[in-house]
Amino acid sequence: METLSKIGHYPFMAEPFHCDFNGRLFMGHLGNHMLNAADFHSTDRGFGMQYLMGINRAWVLSRLAIEIEEMPKQYTKFFVDTWVESAMRYFTNRNFKVTDADNGKVYGYGRSIWAMIDTETRQPTDILSIHDGSINQWIDKDNPCPIDKGGRVKMSDAAEYVRTIDTYYNDVDINGHINSVKYIEHILDLWSLEWYREHQIKRFEIAYVAEAHAGDKLNFYRETSDGSSVDGTTEYMVRITKLMPDSNEEVEIVRSKVNFV
């Protein structure tokens, strides 16, 4: 029997219908490939979604940061490597590396934080209780991820309201709430096609604060940091809220930060 590595190594391709008008992979689809790699890695090692669903448990993405030098072009074959950096009782840190399948060129890296919830109570549950903490044997501290972990996205009350959207069937994932990747797509739709003709995403961060479900109305607010950073990037912060149907109270569900060059 083949001994599994601590690092998972998974092939993907930038399919043409997953690419934008520049012929480059959409950020949302890259995020989706990372989440698939995470599931492949955890499933092969005994703590994946298929097993967890049978015991009323599920992984929930808490934070994701992707820093990219260049997006793969259409038809490009590439690999997503993923490994567990650390595991605590309620959170685990998982990293990603994206490389070209032909020449090994590094496209970028990702960092993520995951929680495990009880699917009946929707409350966090003990990750280390699964198979007596077997996740610990897969932790790789010898393979550092070179990008910043990121931190809390700070926004003011003066953030500009951009739009409100409705949510439907295609927004909902296997956990019954709005899909993590759908938030990425909705956020990146806040900028026009003309903007993307002149700018590309350098870094994308998203933090999931609370759940939303099909039928919820989502409000999007955006503001930019003061000026541009020394490396020429332009930084925007985004806040998403949902409207409570009974009171029209706004509850924050997502914060995000996008750096363009």
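Just so we're clear, the structure is a prediction, and the values are computed from it rather than from any experiment. (Residues numbered from 1 in each chain as written. Predicted model: local features only at pLDDT ≥ 70, side-chain atom pairs only at ≥ 80, totals over all residues. Heavy atoms only, no water.)

Q: I'd love a proper account of the overall build of the chain, names of residues and values included.
A: Broken down by element type, the chain carries four helices and 10 strands. Reading the secondary structure of the chain in the N-to-C direction produces β-α-α-β-β-β-β-β-α-α-β-β-β-β. The principal-axis extents of the C-alpha atoms in the chain amount to approximately 55 × 50 × 35 Å. Out of the 261 residues belonging to the chain, those deemed buried represent 49%. Within the chain, counting contacts between residues at least 6 apart in sequence, those at least 24 apart form 71% of the total. Of the roughly 13400 Å² of accessible surface on the chain, a fraction of 49% belongs to carbon and sulfur atoms. If the 28 positive side-chain charges of the chain are averaged to one point and the 39 negative ones to another, these points end up 3 Å apart. (Helix = DSSP H or I, 4+ residues; strand = E, 2+ residues; numbered from the N terminus. Buried < 20%, exposed > 50% of the residue type's maximum accessible area, 1.4 Å probe, protein only. Contact = heavy atoms within 4.5 Å. Areas by Shrake-Rupley, 256 points an atom, 1.4 Å probe, with all protein chains shown as cover. Lys, Arg positive; Asp, Glu negative; His and termini not counted. Charge placed at Lys NZ, Arg CZ, Asp CG, Glu CD.)

Q: Could you give an account of a nonpolar patch on the surface, with specific residues and numbers?
A: On the surface, Met88, Tyr90 and Phe91 cluster together into a nonpolar patch covering about 270 Å² of accessible area. Counting through the fold element by element, Phe91 comes out in strand E4 (residues 91-100). (Patch = residues over 30% accessible without salt bridge, like charges linked within 9 Å, V, L, I, M, F, W, Y side chains within 5 Å. Salt bridge = Lys/Arg side-chain N within 4 Å of Asp/Glu carboxyl O.)

Q: Which residues make up the nonpolar core, and what values do they have?
A: If you look at the biggest cluster of nonpolar residues, it comprises 62 residues, and the most contacted ones within it are Met27, Leu30, Tyr183, Ile187 and Trp191. Residue contributions to this core peak at seven residues, all from strand E2 (residues 57-68). Residue contacts for Ile187: discarding those within four places in its chain leaves Phe204, Ile206, Phe220, Val238, Ile240, Val254, Ser256 and Val258. Within the second largest apolar cluster, five residues are counted, among which are Val153, Met155, Tyr221 and Met237. (Core = buried A, V, L, I, M, F, W, Y, C linked by side-chain atoms within 4.5 Å.)

Q: Outline empty space enclosed by the protein, listing residues and values.
A: Throughout the structure, instances matching the rule amount to one cavity of 30 Å³ or more. Estimated volume of the largest cavity: approximately 30 Å³. Phe47, Trp59, Met116, Ile127, Ile130, Ser134 and Ile135 together form the lining of the largest cavity. Residue composition of the lining of the largest cavity, by class: six nonpolar, one polar and no charged. (1 Å grid on protein atoms, 1.4 Å probe; cavity = no way out; pocket = protein on both sides within 12 Å on 5 of 7 lines; lining within 4 Å. Points joined across faces, edges and corners; volume = space filled by probe spheres on them. Nonpolar A, V, L, I, M, F, W, Y, C, P; charged D, E, K, R; others polar.)

Q: Can you lay out helix H3 (residues 180-188) for me, pointing to particular residues and giving the numbers?
A: H3 sits mainly inside the fold: seven of its nine residues count as buried. Where H3 is concerned, the buried positions are Ser180, Val181, Tyr183, Ile184, His186, Ile187 and Leu188. The opening residue of H3 is Asn179, an N-cap whose side-chain oxygen sits 2.7 Å from the backbone nitrogen of Val181. (Polar contact = N/O pair within 3.5 Å; in protein donor to acceptor, adjacent residues only side chain to side chain.)

Q: Give me the layout of surface pockets: which residues, what numbers.
A: The volume enclosed by the largest pocket comes to roughly 620 Å³. Considering the residues around the largest pocket, the lining is formed by 24 residues, among which Asp20, Leu25, Phe26, Tyr196 and Ile201 are closest to the centre. Listed by contribution, the elements that provide at least two residues to the lining of the largest pocket are helix H1 (27-44), H3 and helix H4 (193-198). Residues that form the lining of the largest pocket fall into these classes: 12 nonpolar, six polar and six charged. Volume-wise, the second largest pocket comes out at about 460 Å³. Around the second largest pocket sit 23 residues that line it, and Leu35, Asp39, Met49, Trp59 and Trp114 are the ones nearest its centre. For the lining of the second largest pocket, the element with the highest residue contribution is H1, accounting for six residues. Split by residue class, the lining of the second largest pocket holds 12 nonpolar, eight polar and three charged.

Nothing here speaks to function; it is geometry throughout.
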